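So you can see what is in the structure, the chains are spelled out below.
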Amino acid sequence: MTSFQTLDDLEPGQRLLVRIDVNAPVEDGVVQDDRRFARHAETVQELLADDHAIALLAHQGRPGRDTFVSLDQHAAILSDHLDRPVEFVADTCGEEALSAIDGLERGDVLLLENVRMCEGELPEEAPETKAETELVRTLSTEFDAYVSDAYATAHRSHASIVGFPLVMDAYAGRVMEQEYRANTAIRERAFDGPVTMILGGTKAEDTIPVVEQLADVVDHFCLGGIIGELFLRADGHDLGYDVDGTELFDHQWEAHSETITDALETHDTTVVLPTDLAYKDDGDRAETAVEGIEKQTSYLDIGSETIDRYTDRIADSEAVYVKGAVGVFEDERFANGTVGILSAIADTDCVSVVGGGDTAHSIELYDLDEDDFTRVSIAGGAYVRALTGASLAGIDALECDS
Ligand SMILES: Nc1ncnc2c1ncn2[C@@H]1O[C@H](COP(=O)(O)OP(=O)(O)OP(=O)(O)O)[C@@H](O)[C@H]1O
Ligand SMILES: O=C(O)[C@H](O)COP(=O)(O)O
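Residues numbered from 1 in each chain as written. Chains lettered and ligands numbered in written order. Predicted model: local features only at pLDDT ≥ 70, side-chain atom pairs only at ≥ 80, totals over all residues. Heavy atoms only, no water.

1. Comments concerning the overall build of the protein
Helix and strand counts for the protein stand at 15 helices and 17 strands. Here the C-alpha radius of gyration of the protein, 21 Å, is about what a compact globule of 402 residues would show, namely 21 Å. Counting all 402 residues of the protein, 57% fall into the buried class. Across the protein, contacts joining residues at least 24 apart in sequence account for 73% of those joining residues at least 6 apart. For the protein, the computed accessible surface area is about 16,500 Å², with 41% contributed by carbon and sulfur atoms. Looking at charge distribution, the protein has the averaged site of its 28 positive side-chain charges lying 2 Å from that of its 84 negative ones. (Helix = DSSP H or I, 4+ residues; strand = E, 2+ residues; numbered from the N terminus. Rg over C-alpha atoms; globule rule 2.2 N^0.38 Å. Buried < 20%, exposed > 50% of the residue type's maximum accessible area, 1.4 Å probe, protein only. Contact = heavy atoms within 4.5 Å. Areas by Shrake-Rupley, 256 points an atom, 1.4 Å probe, with all protein chains shown as cover. Lys, Arg positive; Asp, Glu negative; His and termini not counted. Charge placed at Lys NZ, Arg CZ, Asp CG, Glu CD.)

2. Re the domain arrangement of the protein
Each assigned domain of the protein is listed here: domain 1 (7–178) and domain 2 (189–388). For domain 1 versus domain 2, the distance between C-alpha centres works out to 31 Å. In this complex, domain 1 contributes 15 residues to the contact, which on the side of domain 2 involves 21 residues. Regarding the contact of domain 1 and domain 2, the summed buried area is about 1,500 Å², with carbon and sulfur atoms giving 47% of it. Summed over the three residues of domain 1 that lose the most area to domain 2, namely Arg35, Tyr151 and His155, the buried surface amounts to 36% of that side. Two residues, Glu205 and Arg156, come together in a salt bridge whose shortest N-O distance is 3.6 Å. Counting across the domain 1 and domain 2 interface gives 5 residue pairs in polar contact (both at pLDDT 80 or more). For the side of domain 1 that touches domain 2, the leading source of residues is helix α1 (residues 35–49), giving 3 residues. Across the side of domain 1 that touches domain 2, the residue classes tally to 5 nonpolar, 2 polar and 8 charged. (Domains from an automatic or database assignment. Buried area = accessible area lost by both parts, 1.4 Å probe. Salt bridge = Lys/Arg side-chain N within 4 Å of Asp/Glu carboxyl O. Polar contact = N/O pair within 3.5 Å; in protein donor to acceptor, adjacent residues only side chain to side chain. Nonpolar A, V, L, I, M, F, W, Y, C, P; charged D, E, K, R; others polar.)

3. So, the sheet that holds strand β10 (residues 220–223)
Strand order in this open sheet of 6 strands is β11-β10-β9-β15-β16-β17, and the pairing throughout is parallel. Lying at the two open borders of the sheet, with one neighbouring strand each, are β11 (271–272) and β17 (375–376). Pairing of strand β9 (residues 195–199) with β10, which is carried by 4 bridges, proceeds in the parallel orientation. From the neighbouring strand, Thr196 faces β10, where its bridge partner is His220. (Pairing = 2+ DSSP bridges.)

4. Side note on the UniProt feature "binding site: ATP" (unreviewed entry) in the protein
As recorded in UniProt, the sites labelled "binding site: ATP" (unreviewed entry) are Glu330, Gly356, Gly357, Asp358 and Thr359. Spanning 30 residues, the annotated positions come together in the fold, the maximum distance between their C-alpha atoms being 14.2 Å. With respect to the helices and strands, the residue Glu330 is situated in the loop between β15 (319–323) and α12 (336–346). A residue is classified by how much of its surface remains accessible, and Glu330, at 33% relative accessible area, is partly exposed. In this view, Glu330 contacts Glu27, Leu365 and Tyr366; residues no more than four positions away in its chain are not counted. For Thr359, the position within the fold is in helix α13 (residues 357–365). When neighbours within four sequence positions are excluded, Thr359 is seen to be in contact with Val322, Gly324, Ala325, Phe329 and Val354. In this structure the side chain of Thr359 is engaged in a polar contact, spanning 3.5 Å, whose partner is the backbone nitrogen of Gly324. (UniProt positions renumbered as here; feature names shortened; annotations may be inferred.)

In structure tokens form, the structure reads like this:
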């Protein structure tokens, strides 16, 4: 395991830059879930008890998506969790931000604007390059130390994750530490019976490598969501295209079609694909078989037959991992797949781990009981990457000699 400094090593009463991940599902501009806020608030409470002055750095969404919004409401949600004011400044490393940072006193909490609005935060590049960005060069001189609590973004080599630890005294926050240890422990568990993994959601770059890297551990990968459709397209079915204004398929297909086709050929008995899908017809849920599919529309959930096939496998499994939702569960008409799968897992005694910032939200939305799962990670891509045993850039950046 990687050795890093934790809050136990941090001297009290310092000026701290703390990277958290409160990236949340957002609908019509409004944050829908506060699970990540609650976890990071515990880290912040601990830091406040040690009399630090705290500036928080975080992101929301990705440029170009409608979840890419300002963090002003995030400050209010954090304030509720901390039961004290959290000041927000609509700037990350410009004059306005520096002036607010300058005024920070011990016991204060300040949230800076969405760091992905700042030039240099994206794209993923080497830590040395990220340390040279204006963001890192400007903010690093304003603080005594950097605390990295954003485990859910630890798989991204972004400036706010890997740049600061190169030039500042760096510590892992409690969320970073706990998620890292728990996910590493899960990876190291061995099972005698079948292991099933449900892979869905929207992010091909996080999900597809998992099929290759966990093929010796997982007996069946049951696919749904955008990922399922991309695999169905590779399997020769006429779907998995951007229609109705979506921008989820074509660029991902361009980037990953070869990997998907290879994975399908190599693991044809391990990868399990939907045999029916659901779509919207005159405002209602309708279903169609995948075989011979011709209708160019947005498919928004796996169909009833697929749900039955997947839940049968879950019932026979000794362990089930979930990454990503198999449908647009935020719309009740298309929640059958996600809720059906999670309920089936909750009904078994198997070891079960659910990951994903959006996916975990479905547990709360549909009144499922978090205690019915062995573990619910607040991270998505980072959790599933950790399961494969691959390193996380944000953890590597914190590494120090033990
Ligand atoms: N067929 C589909 N079409 C469009 N969106 C879909 C479809 N199936 C699932 N989704 C969406 O996928 C989202 C969850 O996937 P996402 O890739 O964000 O994964 P996550 O693991 O939950 O989160 P993260 O990786 O961000 O922590 C849900 O919000 C759901 O609406
Ligand atoms: O929700 C997540 O998975 C993290 O906040 C990372 O977000 P990203 O996938 O947009 O980099």
